[in-house]
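Geometric and topological summary
Letter by letter, the chains look like this.
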Amino acid sequence: MSGIDWAGLMRVGLTGLRLSPEAFWRLTPVELRMLLGVDAVAPLTRARLDELARAFPDARRTGDGAD
């Protein structure tokens, strides 16, 4: 089971938002969240990017042609 309430999402999209089935299925999850008024994920900031780079540094591999 996916854990996603597809029936509920379709009900809200088709009846509440009055979307056609084609329009509903073309939406990305982010677009659907925006239409439903759910806060979007915060944009990636420079500080968060630096934090991720420290946590997951790029490692040079020998023989990768970058020497």
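Quick caveat: nothing in here was measured; it's all calculated off a predicted structure. (Residues numbered from 1 in each chain as written. Predicted model: local features only at pLDDT ≥ 70, side-chain atom pairs only at ≥ 80, totals over all residues. Heavy atoms only, no water.)

A closer look at the overall build of the protein chain
What the protein chain contains, in helices and strands, is 4 helices and 0 strands. Listing the helices and strands of the protein chain from first to last along the sequence gives α-α-α-α. Out of the 67 residues in the protein chain, the part that is buried amounts to 7%. In the structure as shown, the protein chain presents an accessible area of about 6,100 Å², 60% of it carried by carbon and sulfur atoms. (Helix = DSSP H or I, 4+ residues; strand = E, 2+ residues; numbered from the N terminus. Buried < 20%, exposed > 50% of the residue type's maximum accessible area, 1.4 Å probe, protein only. Areas by Shrake-Rupley, 256 points an atom, 1.4 Å probe, with all protein chains shown as cover.)

Thoughts on the pattern of salt bridges
If you walk through the whole model with that rule in mind, you get 2 salt bridges. Of the charged contacts, one joins Arg-46 and Asp-50 as a salt bridge, the two residues approaching to 3.2 Å between their closest N and O atoms. With Arg-46 and Asp-50 both in helix 4 (residues 46-55), this residue pair falls 4 residues apart, about one helical turn. We note a salt bridge from Arg-48 to Glu-51, for which the minimum N-O separation is 2.9 Å. Of the two residues, Arg-48 and Glu-51 are both situated in helix 4; the distance of 3 residues between them amounts to about one turn of the helix. (Salt bridge = Lys/Arg side-chain N within 4 Å of Asp/Glu carboxyl O.)

As for the packing of aromatic side chains
For any pair of aromatic rings, the description consists of the separation of the ring centres together with the inter-plane angle of the planes. All told, the structure shown has 2 aromatic pairs when counted by the stated rule. Consider the rings of Phe-24 and Trp-25, whose centres lie 4.9 Å apart with planes at 85 degrees: the pair is edge-to-face. What links up through ring pairs into an aromatic cluster is the set Trp-6, Phe-24 and Trp-25. (Phe/Tyr/Trp six-rings, centres within 6.5 Å; stacked < 30°, edge-to-face > 60°.)

Comments concerning the environment of Gly-13
Mapped onto the elements of the fold, Gly-13 is located in helix 1 (residues 6-16). When its relative accessible area of 0% is taken as the criterion, Gly-13 is described as buried. Separated by 19 residues in the primary sequence, Gly-13 and Leu-32 have C-alpha atoms spaced 8.2 Å apart. Leaving out residues up to four positions away in the same chain, Gly-13 has contacts with Arg-18, Leu-19 and Phe-24. (Contact = heavy atoms within 4.5 Å.)

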